[in-house]
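Here is what each chain is made of, one letter per residue.
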There are 2 protein chains.
Amino acid sequence: MRHRAIGIFDSGVGGLTVLKEIAHLLPGENLIYLGDTARVPYGTKSVTTVRRYALEAAEFLVAQGVKLLVVACNTASAVALPALRERFQLPVIGVIEPGARRAAESLNRRIGVIGTDGTINSDRYPEAIHTLLPDAQITSVACPLFVPLAEEGWAGHEIARLTAVEYLRPLLSAQIDTLVLGCTHYPLLRNTLEKVLGTGVTMVDSAEETAKSVQQLFYQQGLARPEHGGSRNFFVTDVPTRFKHVGQTFLGADLVQVEQVQID
Amino acid sequence: MRHRAIGIFDSGVGGLTVLKEIAHLLPGENLIYLGDTARVPYGTKSVTTVRRYALEAAEFLVAQGVKLLVVACNTASAVALPALRERFQLPVIGVIEPGARRAAESLNRRIGVIGTDGTINSDRYPEAIHTLLPDAQITSVACPLFVPLAEEGWAGHEIARLTAVEYLRPLLSAQIDTLVLGCTHYPLLRNTLEKVLGTGVTMVDSAEETAKSVQQLFYQQGLARPEHGGSRNFFVTDVPTRFKHVGQTFLGADLVQVEQVQID
């Protein structure tokens, strides 16, 4: 069992940040990544549709014999986790609970959450944070333009800063000390967000927190692969060209071999 | 045959501008619209994937017994028209040729084309324009942020203007007198584009030109429905909530009844 791979999926390239953090904390693990690039994005789509897509993506990874499923997409984690846990007989880790745990360390208990429409509408971050910190004051804002800005390579552009000024106004008024980056694309905008919110606000990157949760689970259950130099396999549902190109920024390394598969 | 409906499809809401123009020129026609909202957008996806989606969308409309297929999506028109004409035994009209015909009326023969990555990479607009105007100087620019800006309701926002300044720089240098709005979302940005390019540039809206092509075809082939007050039926592949909301801006009217269907 310990020698099996970890299956990680996302709607596209964003989840590569989660893969990167897992590879960093658990370098011996074999990792299989699936990006559903033929149907990306999930963030603007309905709960029913995202749930169907998540089940199909998970089906593909489970068929590869993985020992753990990591939902490296905030939208899919927000709406599909119970359905995935019900369908499959293996541990499933999403990005919401790890992020919420870190956010609940807020000192002034004023927490901001930013994400896609799907993630924000689901209200899953506030729910998860309130379970741990019942009197937290949480301000949530959907920021649909952040993903296309990051994918355009404009994360550090003046236009990204002005967009952040527009979106983050309610978070400034709320005097938050902690901001959940509730979308895997948002860490690319970290500098821009700091310019707007100031450096005093703690940014919670779900990718890092999720990798820690995976590590913790593996130590508890003895699931860690005791070797060095795990393999990495990348699959996408559309032609890999764009994924390879945009994915480099997220992975911080070249994506040489990426295979196309059909899962619908 | 004349009493059959016109089938119109797009990846999402943008094609409603085409439907609106057809309804305006041919008010007696029954119109069936399909928005593939579960897989939107097409503009960032590969030729193979967009072709498959377009064939599935057309399959649905043809099964409704339509007399004409209108591909109201620039990306799908750019990459899927030959495949659609080969598969189905009915006239198929895309948005590229009508737009190119209008652009070829340029006086200084310096023409700009803006669109999604898919449309620009296909090179279909330059090809179609060069057929009519061989010595035209054409400058093409992909503008991926325009669609999310329009869908966010920010078409008239300062951020949209700054984005346009960034994208349209090569078109200003090229001293174009005609700009093809090669994506059904772009007419919403017309005022913003005029602020950047000046009012001396003719904007070619494919929606209007495509409706004229449909009208022309119907007069030539005697296909027009000789009644008044045609019906309108709307179908989408995701839950209709967002489509109804965003679609209002494109249609300029309420979208009351929209039905969800599965086509994949």
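Residues numbered from 1 in each chain as written. Chains lettered and ligands numbered in written order. Predicted model: local features only at pLDDT ≥ 70, side-chain atom pairs only at ≥ 80, totals over all residues. Heavy atoms only, no water.

## Here we look at the sheet that holds strand S9 (residues 232-236) of chain A
All names here are of chain A. Here we have 6 strands laid out as an open sheet, ordered S4-S3-S1-S2-S9-S10, and parallel in their pairing. Across the chains shown, the open sheet's two edge strands, defined by having one partner strand only, are strand S4 (92-94) and strand S10 (258-260). Neighbour-to-neighbour, the strand axes of this sheet turn through a mean angle of 20°, independent of strand direction. Two strands pair when backbone bridges link them, and strand S3 (residues 68-71) and S4 are joined in this way by 3 bridges, in the parallel orientation. (Pairing = 2+ DSSP bridges. Helix = DSSP H or I, 4+ residues; strand = E, 2+ residues; numbered from the N terminus. Axes fitted to C-alpha atoms, helices over the stretch in contact; angles between N-to-C directions.)

## What about empty space enclosed by the protein?
Within this structure, the stated rule accounts for 2 cavities of 30 Å³ or more. Lining of the largest cavity is provided by Arg52(A), Tyr53(A), Asp36(B), Ala38(B), Arg39(B), Thr237(B), Gln262(B), Ile263(B) and Asp264(B). Volume-wise, the second largest cavity comes out at about 30 Å³. What lines the second largest cavity is Asp36(A), Ala38(A), Arg39(A), Thr237(A), Gln262(A), Ile263(A), Asp264(A) and Arg52(B). Tallied by class, residues from the lining of the second largest cavity come to 2 nonpolar, 2 polar and 4 charged. (1 Å grid on protein atoms, 1.4 Å probe; cavity = no way out; pocket = protein on both sides within 12 Å on 5 of 7 lines; lining within 4 Å. Points joined across faces, edges and corners; volume = space filled by probe spheres on them. Nonpolar A, V, L, I, M, F, W, Y, C, P; charged D, E, K, R; others polar.)

## Structural notes on the interface of chain B and chain A
Across the boundary between the two partners, chain B contributes 31 residues, which contact 31 residues of chain A. For the pair chain B and chain A, the summed buried area comes to about 2,500 Å², and 55% of that belongs to carbon and sulfur atoms. Connecting chain B to chain A are 4 salt bridges. We note a salt bridge from Asp264(B) to Arg52(A), for which the minimum N-O separation is 3.3 Å. There are 18 residue pairs in polar contact (both at pLDDT 80 or more) connecting chain B and chain A. Secondary-structure elements contributing two or more residues to the side of chain B that touches chain A are helix H2 (47-63), helix H7 (146-151) and helix H8 (158-173) of chain B. Considering each element in turn, the side of chain B that touches chain A owes the most residues, 5 residues, to H8(B). Residues of the side of chain B that touches chain A, tallied by class, amount to 13 nonpolar, 9 polar and 9 charged. (Contact = heavy atoms within 4.5 Å. Buried area = accessible area lost by both parts, 1.4 Å probe. Salt bridge = Lys/Arg side-chain N within 4 Å of Asp/Glu carboxyl O. Polar contact = N/O pair within 3.5 Å; in protein donor to acceptor, adjacent residues only side chain to side chain.)

## Digging into the relation of the copies chain B and chain A
Each of the two chain copies can be brought onto the other by rotation about an axis and movement along it. Note on the copies: chain B fits chain A at an RMSD of 0.0 Å, the axial shift is 0.0 Å, and the rotation between them is 180°. When the rotation and shift are considered jointly, the pair of chain copies conforms to a two-fold rotation axis. Relative to the rotation axis, the closest C-alpha in chain B is found at Arg39(B), a distance of 2.4 Å. The overlap is high: 100% of the interface residues of chain B also sit at the interface in chain A, so the same surface is used on both sides. (Least-squares fit on C-alpha atoms with pLDDT ≥ 70 in both.)

## So, unusual backbone geometry
Residues and elements named next belong to chain A. In this structure, the amide linkage connecting Val40 to the following residue, Pro41, adopts the cis form with an omega of -5°. You can see Pro41 is positioned in the loop between strand S2 (31-35) and helix H2 (47-63). Backbone geometry at Gln175 places phi at a positive 50°, although glycine is not the residue there. Among the structural elements, Gln175 can be located in the loop between helix H8 (158-173) and strand S7 (178-182).

## Some thoughts on the sheet that holds strand S8 (residues 202-205) of chain B
All names here are of chain B. Spatial ordering of the open sheet is given by S6-S5-S7-S8, a layout of 4 strands whose pairing is parallel. Each edge of the sheet is formed by a strand with only one pairing partner; in this case those strands are strand S6 (137-142) and S8. Put simply, the sheet's adjacent strands are angled 20° from each other on average, direction ignored. As judged from the 4 bridges shared by strand S7 (residues 178-182) and S8, these two strands associate in the parallel manner. Bridge pairing in S8 links Thr178 to Thr202. Its contacts with the sheet place H8 against strand S5 (110-115), S6 and S7, and it is angled at close to 175° to S6. Here helix H10 (residues 206-221) sits on the sheet and contacts S7 and S8; the angle it forms with S8, its principal contact strand, is near 55°.

## A look at the packing of H8(A) against helix H9 (residues 190-197) of chain A
When two helices pack together, their arrangement is captured by the angle between the axes and the distance separating the axes. Residues and elements named next belong to chain A. Where H8 meets H9, the closest approach of the two axes is 9 Å, and the angle between their N-to-C directions is 55°. In terms of axis orientation, H8 runs oblique to H9. As H8 packs across H9, the resulting crossing turns out to be right-handed. For the pair H8 and H9, the contacting residues are Ala160, Arg161, Ala164, Val165, Leu168, Leu171 and Leu172 in the first and Thr192, Leu193, Lys195, Val196 and Leu197 in the second. By residue class, the composition of the contact of H8 with H9 is 9 nonpolar, 1 polar and 2 charged. (Parallel < 35°, antiparallel > 145°, perpendicular 65-115°, else oblique. Left-handed = near helix turned anticlockwise from the far one by under 90°.)

## What to know about the side chain of Glu21(B)
On the secondary structure map, Glu21(B) appears in helix H1 (residues 16-25). Contact partners of Glu21(B), with chain neighbours within four places excluded, come to Ala207(B), Glu208(B) and Ala211(B).

## Observations concerning the domain arrangement of chain A
Residue and element names in this part refer to chain A. Assigned domains of chain A: these are domain 1 (6-94 + 208-260) and domain 2 (97-206). With centres defined by C-alpha atoms, the gap from domain 1 to domain 2 works out at 22 Å. Tallying the contact residues gives 23 residues for domain 1 and 22 residues for domain 2. In this assembly, domain 1 packs against domain 2 so that about 1,700 Å² is buried in total across both faces, 51% of it on carbon and sulfur atoms. Its largest share of buried area at the contact with domain 2, domain 1 owes to Asn74, Glu209 and Phe250, together 31% of the area lost on that side. Viewed at the interface, domain 2 and domain 1 are joined by 3 salt bridges. Across the salt bridge formed by Glu151 and Arg242, the nearest N and O atoms sit 2.9 Å from each other. Where domain 1 touches domain 2, the interface holds 12 residue pairs in polar contact (both at pLDDT 80 or more). At the level of elements, helix H1 (16-25), helix H3 (74-87), helix H10 (206-221) and helix H11 (241-251) are the ones that each hand at least two residues to the side of domain 1 that touches domain 2. Looking at the side of domain 1 that touches domain 2, the element that brings in the most residues is H3, giving 6 residues. (Domains from an automatic or database assignment.)

## Digging into the packing of aromatic side chains
As enumerated under the stated definition, the model contains 14 aromatic pairs over all chains in all. Relative to Tyr167(B), the ring of Trp154(A) lies with its centre 5.2 Å away and its plane at 35°, an arrangement referred to as tilted. Linking Trp154(A) in the loop between helix H7 (146-151) and H8 with Tyr167(B) in helix H8, this pair reaches from one chain into another. Each ring, one from Tyr42(B) and one from Tyr53(B), has its centre 5.7 Å from the other, and the planes form 45°; the classification is tilted. Taken together, the positions of Tyr42(B) in the loop between strand S2 (31-35) and H2 and Tyr53(B) in helix H2 put the pair 11 residues apart, joining distant regions of the chain. Of the two residues, Tyr42(B) and Tyr53(B), both sit in the buried class. Of the aromatic side chains, those joined through ring pairs into one cluster are Phe146(A), Tyr167(A), Tyr186(A) and Trp154(B). Directly above the ring of Tyr53(A) sits Arg39(A), whose terminal nitrogen or CZ lies 3.8 Å from the centroid. (Phe/Tyr/Trp six-rings, centres within 6.5 Å; stacked < 30°, edge-to-face > 60°. Buried < 20%, exposed > 50% of the residue type's maximum accessible area, 1.4 Å probe, protein only. Lys NZ or Arg CZ within 6 Å of the ring centre and 35° of its normal.)

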